[in-house]
Amino acid sequence: MKDSSCCSTSTHANKCIECTVTQCKHHAQGQNYCSLDKIQVGTHEKNPTVPSCTDCNSFAPKQTT
Ligand code: SF4
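Presented here is a report on the structure given in the accompanying data block.

The next thing to look at is the environment of Cys-56. Within the secondary structure, Cys-56 sits in strand 4 (residues 54-56). C-alpha of Cys-56 to C-alpha of Gln-40: the two residues are 16 residues apart in sequence and 6.1 Å apart in space. Beyond its immediate chain neighbours, meaning those up to four positions away, Cys-56 contacts Ile-39 and Val-41.

As a further point, take the pairing of strand 1 (residues 14-18). Burial within strand 1 is sparse, with just 0 of its 5 residues counted as buried. Relative to strand 2 (residues 33-34), strand 1 runs antiparallel, the two sharing 2 bridges. For Asn-14, the partnering residue across the bridge sits in strand 2 and is Cys-34.

Parameters and conventions
The residue numbering used here restarts from 1 in each chain and proceeds along that chain's sequence as written. With pLDDT at 70 or above as the cut-off, local features in this predicted model cover only qualifying residues; side-chain atom pairs require 80 or more to be listed or tallied, and sums for whole chains, interfaces and linings still use all residues. Strands are runs of DSSP state E lasting at least two residues, helices are runs of H or I lasting at least four, and both sets are numbered from the N terminus onward. Whether two residues are in contact depends on their C-beta atoms, placed from the backbone: they are in contact if these lie within 7 Å. For every residue, the other C-beta atoms within 10 Å of its own C-beta are counted; 20 or more classify it as buried, 12 or fewer as exposed, and values in between as partly exposed. C-beta atoms are placed from the backbone. Two strands pair if DSSP finds at least two bridges between them.

Right under this line is the structure:
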């Protein structure tokens, strides 16, 4: 897995969406990217000022059962 060719594995890493939330079921496991084509980012604050004020609204917990 040295070359830069993509899409040869079952999990598609979208290199436009870097993400480290491995607990999310959309995370491209093994690579720090999201596997979705697009995501929605929102906020839970009235006046967001720092990155932690924002949320990935496309997050979904992994189902391991
Ligand atoms: S949906 Fe959001 S939290 Fe989940 S892997 Fe993609 S960017 Fe990360």
